[in-house]
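Report on the structure
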Amino acid sequence: MTAQTPFIQIKSVSRVFNGGNGVRDLSIDIPRGSFVVLLGPSGCGKSTTLRLIAGLETADQGSIAIDGKDVTNTPPSKRGLSMVFQSYALFPHLSIAENIIFGLKVRKTQKAEIASRLTEALSVTGLEGYEDRKPAELSGGQRQRVALARAIVAGHPLCLMDEPLSNLDAKLRHSVRKDIRDLQQRLGITVVYVTHDQTEAMSMADIVILMKDGRIEQFGNPADLYLTPATSFAASFVGSPPMALLPASALPKSVIPAGVDPATLTFGIRPEDLILSTSPKTEAWGIPAKVTGSEFLGAETFVFVAIPGTEGATARLPGRVHISPGTEVSLSWAGAAAHWFDGEDGHRLAPTTAAHPAQEPHATIVTDTAIPSL
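Now for a quick tour of the structure.

Basis of the calculations
Residues numbered from 1 in each chain as written. Predicted model: local features only at pLDDT ≥ 70, side-chain atom pairs only at ≥ 80, totals over all residues. Heavy atoms only, no water. 1 Å grid on protein atoms, 1.4 Å probe; cavity = no way out; pocket = protein on both sides within 12 Å on 5 of 7 lines; lining within 4 Å. Points joined across faces, edges and corners; volume = space filled by probe spheres on them. Helix = DSSP H or I, 4+ residues; strand = E, 2+ residues; numbered from the N terminus. Nonpolar A, V, L, I, M, F, W, Y, C, P; charged D, E, K, R; others polar. Patch = residues over 30% accessible without salt bridge, like charges linked within 9 Å, V, L, I, M, F, W, Y side chains within 5 Å. Areas by Shrake-Rupley, 256 points an atom, 1.4 Å probe, with all protein chains shown as cover. Salt bridge = Lys/Arg side-chain N within 4 Å of Asp/Glu carboxyl O. Buried < 20%, exposed > 50% of the residue type's maximum accessible area, 1.4 Å probe, protein only. Phe/Tyr/Trp six-rings, centres within 6.5 Å; stacked < 30°, edge-to-face > 60°. Lys NZ or Arg CZ within 6 Å of the ring centre and 35° of its normal. Pairing = 2+ DSSP bridges. Axes fitted to C-alpha atoms, helices over the stretch in contact; angles between N-to-C directions. Contact = heavy atoms within 4.5 Å.

1. Quick notes on the layout of surface pockets
If you add up the space inside the largest pocket, you get close to 590 Å³. Residue lining of the largest pocket: 23 residues in total, with Leu-81, Ser-82, Met-83, Gly-103 and Arg-107 positioned closest to the centre. Listed by contribution, the elements that provide at least two residues to the lining of the largest pocket are strand E6 (81-84), helix H2 (96-106) and helix H4 (140-153). Sorting elements by how many residues they give to the lining of the largest pocket places H2 first, with five residues. Its residues placed into classes, the lining of the largest pocket shows 16 nonpolar, five polar and two charged.

Listed below in structure tokens is the structure:
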């Protein structure tokens, strides 16, 4: 069986600006109909990548193909795509309907087709009844839906989105990101979406492309990035609170994989995998730590701990946890929950077996309800 040709194919593309930012030797294959998120911190190259796909930036080298056609030097208007920006980019003097169909009128689309596409776009974005209003009469979430509707009426199989939710409050972001994902699945279009928010990436994407310094750090589905981060950077960027990364030299010798130099090793553990015991003196194989504070969030409590020689860690515990700052604790985990990274280049190391006690510890922190055996 012949492998399907990627809908978007980026081959060895570089675009470097005078300040040094940009992308370098970028190669990406994006399947048709997928929701792909470009994720990373400011300056990592994610927006540059989107602009290269759109044709708003010209590659210094390499090639870009969309639907099997080389578009490396093709102008944006000929690439068969639509864009949704961080700013809504709506005409304040035009009605919602006029904003949505503006591009179709410029392209002199037939009136009957314009009416049909407008009706569909209003329906799928939940804007029916708002078509005669002006943008100023709508909420931020509704204005973003107008921008989405404008992209939908274009009828293109590819939609590029650049931080479209950053101007919305937290509640609206949650609502609109669900709308965007539902629309993408309903229409079957390919979406390439830029964000620095890992929650957006994890909740929306089929594929996450994590970028750092103009290069791809990790490419995979959200579960891959969370469960098996390829580097210590990926481990720390994906997840909230982030994975604790501790130099192995700060750990008890009993937990270091046999035959490994602690000076070349970084240990990682997710907050939900940390087990806290208030009997540190009886658990010599654990990591001694001291509680510095906690946050009760309703369904869970974050407990912050200081560990000598490290930046500390955060434990995510279910329910409400009562523990005072200054309390001495011991940190432990199930053996399979440990992540090990090269201490110099940060790359993930193959699973190793460390010495762990035969029986997992029991948490002894006082809570509103009894903590079950772990």
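2. Considerations on a nonpolar patch on the surface
Side chains of Phe-91, Phe-102 and Val-106 sit close together on the surface and give an oily, nonpolar patch of about 260 Å² of accessible area. Among the secondary structure elements, Phe-102 is positioned in helix H2. Classification of Phe-102 as partly exposed rests on a relative accessible area of 37%.

3. Some remarks on empty space enclosed by the protein
Scanning all chains against the criterion turns up one cavity of 30 Å³ or more. Each pocket or cavity is described by its volume, and for the largest cavity that value is around 80 Å³. As for the largest cavity, its lining consists of Leu-148, Ala-151, Ile-152, Cys-159, Met-161, Ile-180, Leu-183, Gln-184, Leu-187, Ile-189 and Val-191. Secondary structure elements with two or more residues in the lining of the largest cavity: H4, strand E7 (158-162) and helix H5 (170-187). A total of four residues in the lining of the largest cavity trace back to one element, the largest contributor, which is H5.

4. Remarks on the pattern of salt bridges
According to the stated counting rule, one finds 10 salt bridges in the structure shown. A salt bridge links Glu-57 to Arg-15, with the nearest nitrogen and oxygen atoms 3.4 Å apart. Remark: Arg-15 occurs in strand E1 (residues 8-16) and Glu-57 occurs in the loop between helix H1 (46-54) and strand E4 (61-66); sequence separation between them is 42 residues. Each member of the pair Glu-57 and Arg-15 is classed as buried. In this structure, Asp-67 and Arg-32 form a salt bridge, with 2.5 Å as the shortest nitrogen-oxygen distance. Here the residue Asp-67 occupies a position in the loop between E4 and strand E5 (69-70), and Arg-32 occupies one in the loop between strand E2 (22-30) and strand E3 (35-39), the gap between them amounting to 35 residues. Residue class for Asp-67 comes out partly exposed when judged on its relative accessible area of 40%. Linked through salt bridges whose partners overlap, the residues forming this network are Arg-15, Arg-51, Glu-57 and Asp-60.

5. Overview of the packing of aromatic side chains
Following the criterion strictly, the structure yields five aromatic pairs and no others. Look at Phe-267 and Trp-340: their rings are 5.1 Å apart centre to centre, the planes differ by 55°, and that puts the pair in the tilted class. Pair noted here: Phe-267 is in strand E12 (residues 265-269) and Trp-340 is in strand E18 (residues 339-342), with a separation of 73 residues, a long-range link. Exposure remark for Phe-267: the relative accessible area of 0% places this residue in the buried category. Classification of Trp-340 as buried rests on a relative accessible area of 6%. Through pairs of rings, three or more aromatic residues link up here, namely Phe-267, Trp-333 and Trp-340. The ring of Tyr-226 is capped by Arg-270, whose NZ or CZ atom sits 4.0 Å from the centre of that ring. The ring of Phe-296 is capped by Arg-320, whose NZ or CZ atom sits 5.4 Å from the centre of that ring.

6. Re the sheet that holds strand E15 (residues 300-306)
The strand order across the open sheet formed by five strands is E13-E17-E14-E15-E16, and the pairing between neighbours is antiparallel. Of all strands in the sheet, those with a lone pairing partner are strand E13 (275-277) and strand E16 (313-318), marking the two edges. With direction set aside, neighbouring strand axes in the sheet form an average angle of 45°. The sheet contact formed by E13 and strand E17 (residues 328-332) spans three bridges and is antiparallel. Along E17, the bridge assignment pairs Leu-276 with Leu-331.

7. Considering the side chain of Thr-48
Topologically, Thr-48 is positioned in helix H1. Contacts of Thr-48, omitting those with residues within four sequence positions, involve Arg-15, Phe-17, Gly-22 and Val-23.

8. Here's the deal with the environment of Leu-122
Relative to the helices and strands, Leu-122 resides in helix H3 (residues 111-124). Along the sequence, Leu-122 and Leu-39 sit 83 residues apart, while their C-alpha atoms lie 30 Å from each other. Leaving out residues up to four positions away in the same chain, Leu-122 has contacts with Ile-100, Leu-127, Glu-128 and Glu-131.

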